[in-house]
Amino acid sequence: MVTTTAATDTRRRIVARPAAWLVWGAVIFFFLNLLGVVGSVLVSSFGQRWFDTWFPDGYTTKWYGDAWTEFALLQVITVTLQVSLLVVGLSLLIGVPAAYVLARRSFPGKRAIYLVFLLPILMPPITYGIPLATVLYKFGFAGHLSGVVLANLVPSVPFVILTMTPFIEQIDPRIESAARMCGAGMRSVFLRVLAPLLLPGMLASAILVLVRTVGMFELTFLTAGPDSQTLVVALYYSMSAAGIRAQQSVDAMAVMYTAMMLVLLVIALRYVNPTQLVARVKEEPEP
Amino acid sequence: MTAGAKAFSQLRLQGVSRRFGGHDALRDLDLTIEAGEFVALLGPSGCGKSTALNCLAGLLPLTAGSIWQDERRIDTLPPERRGFGMVFQNYALFPHMSVRANIAFGLRMRRLPKDEIRRRTDEAVRLVRLEDHAGKLPGQLSGGQQQRVAIARAVVLEPSLVLMDEPLSNLDAKLRLEMRTEIRRLHQSLGLTTVYVTHDQEEALSLADRLVVLREGRVQQIGAPEELHTRPANWHVADFMGYRNLWTMRVREAADGTVAVERDGLRLVGVPVGPVAPGDEVIVAVRPEDVRVDQGDATTNAVPAEIEVVEYQGRELAAEAVTAAGSRVHLRTDRRVAPGDPVTLSIDPQRLLVFPGDAAATRPADKAAAVVEEPGLVG
Amino acid sequence: MSVTTPTPAVESAGPPAPARAHWQHRLAERGVDRHLWLLTPALLFVVLLFLYPFFYGLGLSFQPTEGGPFSDYARFFGDAYQRDTIWTTLGLALPAALLNVVASVPIAYRMRGRFRGKRLVTILLVVPITLGTVLTAQGLLNFLGPTGWFNRVLTALHLTDEPIRLVHNYWGVFFSLVITGFPFAFLLVLSYLSGIDPTLERAAATLGAGWWQRFRMITLPLLMPGLATTFCLTFVLAFSVFPSAVLVGNPAGETRVISIAAYQAAYEQYDYPYASAIAMIMGLIELVVIAVVLFARTRFYTGSTGGKG
Ligand SMILES: Nc1ncnc2c1ncn2[C@@H]1O[C@H](COP(=O)(O)OP(=O)(O)O)[C@@H](O)[C@H]1O
Ligand SMILES: [Mg+2]
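Please read these numbers as outputs of a predicted model, since none were measured by experiment.

1. Notes on the sheet that holds strand E13 (residues 266-272) of chain B
Residues and elements named next belong to chain B. Around the barrel, five strands lie side by side as E11-E12-E13-E20-E14; this closed barrel has mixed pairing. With strand direction ignored, the average angle separating the axes of adjacent strands in the sheet is 55°. Relative to E13, strand E12 (residues 258-263) runs antiparallel, the two being bridged by five bridges. Directly across from Glu262, in E13, lies its bridge partner Arg267.

Right, here's the structure in full:
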């Protein structure tokens, strides 16, 4: 037994060596490019003049001040935070109870309801964003903060439901039964037993929704008015109007956006693992 | 803690049934529980014991039937308003609360005054001897300690009825014996009324005043431990109560109190349990300990056989013998037999029970149907 | 003790048993109880903010500003400039999604074990996903532009004499889809791979399978359903490409994707029925691709893969 393991090990090491080099080469190449993409924005935002050379002529921080006043960033960042926090709060309020029912009960029509909740995640935002924006304009929500919040709820609530479901399934239903046998009514079961046990899950899905909402471009873009732009939409507008503004102040704004996202990311990674930021994959057992 | 409040004198289940999809998990359970009684629901895994208990607790809706507490109908009440206590198989302790908070939970739900909660919690902690662990979280306790917390949590409210769903099945053999005594002690000292679910016939026999044997959702027999042990109502109960030898045979003649059966030239005499007539196919049940080996004086029910397998089990040997016609006989003996030994087996006719066979249902194919151990997760 | 009859002992007393259970039990039996109220806010939300707008848009798409109910659809398919956006979008999204998934497999396969720095690698990979397409576009413009670092390196290495055009065309958009899509696909594939019990491969090794046979005959078949799901999710991301197609592509020409067409109809021509029609076409095409992939997925074993995933 010992000898066979050793034998396969050495053979594998010899065979795998070129493959390993290739793989690591590809990864390093990818990261170098990524570094280039992020780095060139960062360097440019601090550069004085940067034409046809490896690095700018000199360095300055004035573009940050320019960007701050030119793009009214204080207001934009305030809006971004308001939108994100409202979306996080509302989607938890709506999503957690629904996730509970969907995780615990089986009732007629459950599969259909589940599918409808998942659809907004499976569809590209533009497809439902355009009809949604049309409706929001019709009722006068679009162009304001409320419209942006409502639009951003559409993918967030399903996301909360999806994230919370495994957390709820982890809790043994007999714990709830035990609470009820101790005389706890529905409210007490939720507030005293489920809520404390679900806190880590709610924290995780809150931070995930926060990151997604700050980064959500399409839906905000389709529903925001001039006073309700979030940072990423403001960045898009300043980029597509390139030429009017100095390229460097757009870069400075991009760096501020990056910094904000990275701060959120660092916070997020304390509570969730990187894969959860991407998607909540759960293989449904095949019928 | 004072003796449990006797909130009722009788609890009646009438035609309680529960279906899952098209499958009857529990069918027409009629049972009257007197205050102060210790009733055990007994049966193999999947027979509907937990279902019955959960229906009684209010955790499962009934498909049919009703539950009465004296003259009050209680099956429409939610579990939190029935005032019963329950101990779950995996204990279901609140993982985020300390031992003390777990036990006090029910008292807090009742909104009792603070000092009363403290007094009664202390008393319960002392009762289950967990004074040194009261501040710990359930995850920091051993299985036996968690078990005791679960019991304390269930009895601290002095419930009119305590329900226990296989509370000992997750413990190791030694602890199981200790906790068994503990549960009986609590039942007596607190004057509780207890309904206890188990698949372990030995546990049920030793604990309960009355046993209810279930099979495939139906009651097979209700009676005192001794009654079930010596006179099972049908061969299924016999199978479950340790009658490992079950043979399908045919009745030759039946006279008052005795019946003669036959198969492949083997003739036996026994006691009929139920209506049997000549020509009927019947099932003959014998406990391994009732099969005697080489007692020369035996004239009736003497069977020549050859020992095939021997298991050492302390003072006794458990052995399997094969008769000339190929039937297998399980037996226990203190003789030192060895595989290959020719022996003469004999069975006291009073200990050989003859049951009517099921019309078309399953038969024991001359082998003892093994009692499958409860996997421990069947809810 | 006398011989007992085998009728199961029956005890009964008190009022006669009702034939059926109480109505509360019958409702609870079907899963209908007070808890279902908890679903109401979410149901209201999904009906008002997703289903209603969707059907409103669907209805609107059949009420064009002029012509019969299908004239907006006819207009889209009749106009080559519009119709070609479908092929442009698929031409970007399918190769990008495929490359992302295919490249992820060998890399994730090598990295699935534990090694030092694994968490760092995964965190670095999350960065581009978190940053999103707008920032990536800005970075690509700087990095891949004619005077950007990428072209400088190529020139310095004498791989090219004059800068290669990599932005404001197909490649710019393609790179942006890879930069955000590859980490996404990689992390998913990695989590599927760690869900496969590694002892399965070891078992195959003891039976004499080489590394390629082990991968080909054990791991890959178990991974296939996960790859199909990953492809779908990556494809959805790539299919809705919008900001990068405008910013690093050539939005009037070779990267005029279908979302640009829909956006222009709505926000430049204010023709909401037409925009809705385009959005419906876009959704339909996406769902067709997903349905095909998911159908292919049903042909693989999709049960437990024995791992911790
Ligand atoms: N929630 C459920 N859904 C479907 N079938 C169930 C459910 N709970 C129990 N059953 C079925 O009902 C029967 C009895 O189950 P149970 O009462 O748990 O048995 P046990 O006697 O082992 O406690 C079993 O056949 C089981 O499969
Ligand atoms: Mg059970």
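Once you've had a look at it, read on.
2. Things to note about the nonpolar core
Inside soluble globular proteins, nonpolar side chains tend to come together where they are buried. In this structure, A:Leu235, B:Leu56, B:Phe105, B:Leu163 and C:Phe186 are the most contacted members of the largest nonpolar core, which totals 219 residues. For this core, the element with the most residues is helix H3 (residues 73-104) of chain A, which contributes 15 residues. Dropping the residues within four chain positions of it, B:Phe105 is found in contact with A:Ala179, A:Cys182, A:Ala184, A:Arg192, A:Val193, B:Phe94 and B:Met97. With 53 residues, the next largest nonpolar core counts B:Val87, B:Ala104, B:Ala124 and B:Phe240 among its residues.

3. As for the sheet that holds strand E4 (residues 64-69) of chain B
Residues and elements named next belong to chain B. The sheet built from four strands is open, its strands ordered E2-E1-E4-E5 with antiparallel pairing. Because the sheet does not close on itself, it has two edges, and the strands there are strand E2 (23-34) and strand E5 (72-73). Pairing of strand E1 (residues 10-20) with E2, which is carried by eight bridges, proceeds in the antiparallel orientation. Paired with Arg19 across the two strands is Asp24, which belongs to E2.

4. Focus: the interface of chain A and chain C
Each partner contributes to the interface: chain A provides 95 residues, whereas chain C provides 93 residues. At the surface where chain A touches chain C, the tally comes to zero salt bridges. Along the contact surface separating chain A from chain C lie four residue pairs in polar contact (both at pLDDT 80 or more). Take the side of chain A that touches chain C: its biggest share by element is 23 residues, from helix H1 (residues 2-46) of chain A.

5. So, the interface of chain B and chain A
In this assembly, 24 residues from chain B lie in contact with 18 residues from chain A. Summed over both partners, the interface of chain B with chain A buries about 1900 Å², with 67% contributed by carbon and sulfur atoms. The largest contributions to the chain B side of the interface with chain A come from B:Glu80, B:His96 and B:Met109, which together make up 29% of the buried area. Where chain B touches chain A, the interface holds one salt bridge. Between B:Glu80 and A:Arg180 there is a salt bridge; the shortest N-O distance is 2.9 Å. Run the count over chain B and chain A and you get three residue pairs in polar contact (both at pLDDT 80 or more). For the side of chain B that touches chain A, the secondary structure elements donating two or more residues are strand E6 (84-87) and helix H2 (99-109) of chain B. Top contributing element to the side of chain B that touches chain A by residue count: H2(B), with four residues. Of the residues that constitute the side of chain B that touches chain A, the class distribution is 16 nonpolar, five polar and three charged.

6. Notes on the packing of helix H11 (residues 247-271) of chain A against helix H5 (residues 118-144) of chain C
Interhelical geometry of H11(A) versus H5(C) gives an angle of 155° and a closest axis separation of 10 Å. Comparing the axis directions of H11(A) and H5(C) gives the class roughly antiparallel. Judged by the twist between their axes, the crossing of H11(A) over H5(C) is right-handed. Note on element contacts: H5(C) touches H11(A) through C:Arg119, C:Ile123, C:Val126, C:Val127, C:Thr130, C:Leu131, C:Leu135, C:Gln138 and C:Asn142, opposite A:Gln247, A:Val250, A:Asp251, A:Ala254, A:Tyr257, A:Thr258, A:Met261, A:Leu262, A:Leu265 and A:Leu269.

7. Here we look at the pattern of salt bridges
All names here are of chain B. Within the structure shown, the criterion is met by 28 salt bridges over all chains. Among the salt bridges present, the one from Arg267 reaches Glu262, with a minimum N-O distance of 3.3 Å. The residue Glu320 makes a salt bridge to Arg328 at a minimum N-O spacing of 3.2 Å. One salt-bridge network, in which partners are shared between bridges, spans Arg19, Asp24 and Arg27.

8. What to know about helix H3 (residues 71-78) of chain C
Residue and element names in this part refer to chain C. Residues Asp72, Tyr73 and Phe76 constitute the buried set of H3. Angularly, the buried residues of H3 cover 100° about the axis, an arc narrow enough to put them on a single face. More than 90 degrees from the buried face of H3, the exposed residues found are Ala74 and Gly78. On the buried face of H3, the contacting elements are helix H2 (40-61), helix H4 (80-111), helix H11 (258-267) and helix H12 (272-297).

9. Notes on a positive patch on the surface
A cluster of basic residues, A:Arg187, A:Arg192, B:Arg108, B:Arg111, B:Lys114 and B:Arg118, forms a positive patch at the surface. For the positive patch, the secondary-structure elements that each account for two or more residues are helix H8 (186-215) of chain A together with helix H3 (114-127) of chain B.

10. As for the domain arrangement of chain B
Segmenting chain B into domains produces domain 1 (10-230) and domain 2 (244-377). The centre of domain 1 of chain B, based on its C-alpha atoms, is set 37 Å off from the matching centre of domain 2 of chain B.

11. Some points on the side chain of B:Gln145
Residues and elements named next belong to chain B. Looking at where Gln145 falls in the secondary structure, it is placed in helix H4 (residues 143-155). Gln145 gets classed as buried once you look at its relative accessible area, which sits at 17%. Here the side chain of Gln145 touches His133 through a polar contact of 3.2 Å, side chain to side chain. When near neighbours in sequence (up to four residues on either side) are disregarded, Gln145 contacts Leu130 and His133.

12. Things to note about the packing of aromatic side chains
What characterises a pair of aromatic rings is the spacing of the ring centres plus the angle enclosed by the ring planes. In the structure shown here, the tally under the stated rule is 34 aromatic pairs over all chains. Ring geometry for A:Phe221 versus A:Tyr236: centroids 5.0 Å apart, planes at 70°, classification edge-to-face. Of this pair, A:Phe221 sits in helix H9 (residues 218-223) while A:Tyr236 sits in helix H10 (residues 231-240), and the two are 15 residues apart along the sequence. With a centroid separation of 5.3 Å and an interplanar angle of 90°, the aromatic rings of C:Phe76 and C:Phe77 are classed as edge-to-face. Of the residues examined, C:Phe77 reaches a relative accessible area of 39% and is grouped as partly exposed. Put simply, the rings of A:Phe217, A:Phe221, A:Tyr236, A:Tyr237, C:Phe242, C:Tyr263 and C:Tyr267 touch in pairs and so form one group of aromatic residues. Over the aromatic face of A:Phe159 sits the side chain of A:Arg212, whose NZ or CZ is 4.1 Å from the ring centroid. Note that B:Arg153 overlies the ring of B:Phe94, its terminal NZ or CZ placed 4.7 Å from the centroid.

13. Comments concerning the pairing of strand E11 (residues 245-255) of chain B
Residue and element names in this part refer to chain B. As paired strands, E11 and strand E14 (residues 281-286) are joined by six bridges and run antiparallel to one another. Bridge pairing in E14 links Leu246 to Ala285. In this sheet, E12 lies alongside E11 in antiparallel orientation, the contact comprising five bridges. Each residue of the ladder has a partner; that of Ala254, found in E12, is Val259. In this structure, the hairpin formed by E11 and E12 is closed by a connection of two residues, where Gly257 is found at a positive phi of approximately 85°.

Conventions and cut-offs
- Residues numbered from 1 in each chain as written.
- Chains lettered and ligands numbered in written order.
- Predicted model: local features only at pLDDT ≥ 70, side-chain atom pairs only at ≥ 80, totals over all residues.
- Heavy atoms only, no water.
- Pairing = 2+ DSSP bridges.
- Helix = DSSP H or I, 4+ residues; strand = E, 2+ residues; numbered from the N terminus.
- Axes fitted to C-alpha atoms, helices over the stretch in contact; angles between N-to-C directions.
- Core = buried A, V, L, I, M, F, W, Y, C linked by side-chain atoms within 4.5 Å.
- Buried < 20%, exposed > 50% of the residue type's maximum accessible area, 1.4 Å probe, protein only.
- Contact = heavy atoms within 4.5 Å.
- Salt bridge = Lys/Arg side-chain N within 4 Å of Asp/Glu carboxyl O.
- Polar contact = N/O pair within 3.5 Å; in protein donor to acceptor, adjacent residues only side chain to side chain.
- Buried area = accessible area lost by both parts, 1.4 Å probe.
- Nonpolar A, V, L, I, M, F, W, Y, C, P; charged D, E, K, R; others polar.
- Parallel < 35°, antiparallel > 145°, perpendicular 65-115°, else oblique.
- Left-handed = near helix turned anticlockwise from the far one by under 90°.
- Arc of directions from axis to C-beta.
- Patch = residues over 30% accessible without salt bridge, like charges linked within 9 Å, V, L, I, M, F, W, Y side chains within 5 Å.
- Areas by Shrake-Rupley, 256 points an atom, 1.4 Å probe, with all protein chains shown as cover.
- Lys, Arg positive; Asp, Glu negative; His and termini not counted.
- Charge placed at Lys NZ, Arg CZ, Asp CG, Glu CD.
- Domains from an automatic or database assignment.
- Phe/Tyr/Trp six-rings, centres within 6.5 Å; stacked < 30°, edge-to-face > 60°.
- Lys NZ or Arg CZ within 6 Å of the ring centre and 35° of its normal.

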